[in-house]
Amino acid sequence: MKAENSWFDKSNFRIYLIFLFSFVLIYLDFSNQKIIKEARKVINDSVVYTVYIVTYPIKEILKIPREIKTLIDLKDQKNQLIVLENKVEELMQQNYFLKQDYKKNEEFLKEEEPYKSEVIYAKVISKIDSIFSNSFALNKGSKDGLKVGSPIVKNNNLIGQVSEVNYNSARGIFLTDINSRVPVVIGEKMYNAILVGSPLKTNKLSLEFLPKQYQFQNNDKIYTSDINGVLKKGIAVGYIEVKEGSNNNYNIYLNYNSRQVDRVSIFIN
Amino acid sequence: MSRIKKNYNDVIAFVIIIFSIIGNSVLSEFKFFADINYFFNLQYLLIYFFSFNRFKYLSLLTLFFLGLINDSLIGISLGISSVAYMTIYKIAIYQQNIKLRSIFISEWAACGLSIAVAYSFVLTIFFFQKVSFDYLQYFYNFLGSFVIYPLLWIILKYCFLKIEKFENE
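Not measured: the values here are computed from a predicted model. (Residues numbered from 1 in each chain as written. Chains lettered and ligands numbered in written order. Predicted model: local features only at pLDDT ≥ 70, side-chain atom pairs only at ≥ 80, totals over all residues. Heavy atoms only, no water.)

## As for unusual backbone geometry
Residues and elements named next belong to chain A. Cut-off, in case you're wondering: Each helix corresponds to a stretch of at least 4 residues labelled H or I by DSSP, and each strand to a stretch of at least 2 residues labelled E; elements are numbered beginning at the N terminus. Buried residues are those whose accessible area, probed at 1.4 Å on protein chains only, stays under 20% of the maximum for their type, while exposed residues exceed 50% and partly exposed ones sit between those limits.
Phi is positive for Asn-155, close to 50 degrees, though the residue is something other than glycine. Inspection of the secondary structure assignment puts Asn-155 in the loop between β3 (151-154) and β4 (157-165). With relative accessibility at 56%, the residue Asn-155 sits in the exposed group. One non-glycine residue with positive phi stands out, namely Met-190, at about 55 degrees. Mapped onto the fold, Met-190 is located in the loop between β6 (181-186) and β7 (191-197).

Below you can see the structure in the form of C-alpha cells.
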C-alpha cells in the first residue's frame with residue numbers, strides 16, 4: 001500500500017513512460033515534424049469522420065423540433081405564395097414584371113462581381129464551441145484544393161477562415177475564436193482595423209488597431225480588407241451598434257449566426 | 001461506492017466520458033449548451049470523479065487515447081489533453097489512496113488542485129506555442145468547475161447508486 005501511494009515508485013515506470021511519450025508527441029507536433037504532420041492529418045480525418053458518423057443519429061433526432069417548426073412556417077408561406085402568384089400573373093399580363101426582374105438581375109450581377117472567384121462548397125460535419133476553440137470541421141481537404149487561411153463564406157458573409165487542412169477534411173475557425181484575426185474596413189469613413197475573437201467581450205468580438213480618433217455611427221457596416229493579401233476585399237462581415245451616450249462604446253454584430261451553419265463556400269483563389 | 005463495480009456502471013461511466021468529449025459537436029448548436037462549456041469543464045470533472053471512484057475502464061492508456069481524440073477534435077497539439085487528463089487521473093488516484101476516511105472536502109480540494117494543475121500545464125504549452133488565450137477565461141472556468149463539482153458529485157452518486165440498486169434487484 002505504501003508503495004502505491006508514492007509518486008516516485010518503480011511500479012510507476014509505465015506511467016512515466018506514457019507521460020514522457022505525450023510530451024514527446026506535443027514537442028514533435030509543435031515542431032512540425034513531417035511524419036507527425038502526416039500522421040496528424042490521418043488521425044484528424046479518421047476522428048472527424050468517426051465523430052460525424054457516431055453523432056449523426058443524435059443530430060438528426062435533435063433536428064426534429066426545428067423541422068416541425070419549419071413545416072408549420074412553410075404552411076404559412078404557402079398561403080402567402082398563392083396570393084403572390086396571383087399578383088405575378090396580373091403583372092405578367094402587363095409585361096411590367098419582366099422589366100423589373102431584368103433590372104434586379106442586372107443589379108445583383110454588379111453586386112456579385114467582387115465575389116467572382118473559384119469557390120469550393122463544403123459541408124460542416126462537426127462544430128466545437130469550448131474554452132479551447134470555437135471551430136468547425138469541413139468535409140473537404142487538401143485533395144479538393146483547400147489552403148490554410150482561405151476565407152469561409154455563407155450567403156456572402158464571412159464566417160471564418162481555414163486553420164488546418166487534412167487530406168479529406170479541414171478545420172475552420174469562426175470569427176469569434178480567440179485565434180481569429182481578420183483585417184476589416186468599417187463604416188463610411190473606412191476605418192482600418194483588425195477584427196479579433198474575444199471570448200469575454202459582448203458577442204465574443206473586438207476591434208484592434210483602430211485609429212486614435214474614431215467615431216462610429218449606428219449600423220456602420222464591416223467589410224474585409226485585402227491588407228494582408230489573404231482575404232478578398234469587400235466581403236461583408238457584420239455591423240456596429242453604438243451604445244447610447246458614447247461613440248466609443250459599441251457592440252459588434254455578425255451578419256450570419258454561425259451556430260446554424262451547415263454548408264459553406266470557401267474561396268480558394 | 002464499492003471498488004468492484006458491476007459492468008453497467010463502468011460502461012455507463014465510460015460512455016458519459018466519451019460523450020462529454022464528442023458531444024460538444026452535437027450540443028454546440030444549442031446556445032445554452034455551448035455557453036455552459038465556458039463556465040465549467042465537464043470533461044475534467046467527470047474524469048476526476050470516475051478516477052476517484054475507481055471505475056474499471058478508466059486507465060492511463062484509455063485517457064491517453066481519449067486525450068488524442070479531444071486534441072484532434074479541438075485542433076490543438078496532440079498530447080496536450082492526454083497529459084491534462086492523466087494528471088487529473090493521477091491526482092485523483094493519489095488522493096483516493098491517501099485518504100483515511102471519506103471526507104468530501106478533501107476530495108473537493110484535490111479536484112480543484114487537479115484542474116488547476118491541468119490548466120496550468122495547458123496554458124504553459126499554449127504560451128510556448130504562441131497560441132492566443134485569455135487567462136481570465138480559464139480562471140473563471142476553473143472557478144466554475146470547482147464550484148459545480150459538489151452538484152455533479154450529488155447527481156452522479158445518486159444516479160450510480162440507483163443503477164447499482166437496480167442491478168442488485
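## Some thoughts on the layout of surface pockets
Which parts of space are left empty comes out when a probe the size of a water molecule is rolled across the atoms. Our working rule: Detection works on a 1 Å grid of protein atoms alone, calling trapped sets that fit a 1.4 Å probe cavities and calling open sets with protein on both sides within 12 Å along at least five of seven lines pockets, with lining residues defined by an atom within 4 Å of a point. Grid points are joined across faces, edges and corners, and a volume is the space filled by probe spheres set on the points. Residues are grouped as follows: Ala, Val, Leu, Ile, Met, Phe, Trp, Tyr, Cys and Pro are nonpolar; Asp, Glu, Lys and Arg are charged; every other residue, Gly included, is polar. Residue ranges for the domains originate in an automatic or database domain assignment.
Estimated volume of the largest pocket: approximately 840 Å³. Lining the largest pocket are 27 residues; nearest its centre among them are Arg-40, Ser-163 and Glu-164 of chain A together with Gly-75 and Ile-76 of chain B. Among the elements of the structure, α2 (13-30), α3 (34-94), β4 and β5 (170-174) of chain A together with α7 (104-129) of chain B are those that each provide at least two residues to the lining of the largest pocket. Residues of the lining of the largest pocket, tallied by class, amount to 9 nonpolar, 10 polar and 8 charged. Mapped onto the domain boundaries, the lining of the largest pocket takes at least three residues apiece from domain 1 (1-111) and domain 2 (118-267) of chain A. Put simply, the second largest pocket is a space of about 680 Å³. Taken together, 26 residues form the lining of the second largest pocket, with Asn-203, Lys-204 and Arg-259 of chain A together with Lys-31 and Asp-35 of chain B sitting closest to its centre. Of all elements in the fold, only β1 (119-129) and β11 (250-254) of chain A together with α3 (31-39) and α8 (135-168) of chain B reach the threshold of two or more residues within the lining of the second largest pocket. Top element by residues in the lining of the second largest pocket is α3 of chain B. It accounts for 4 residues. Of the residues belonging to the lining of the second largest pocket, the class tally is 11 nonpolar, 8 polar and 7 charged.

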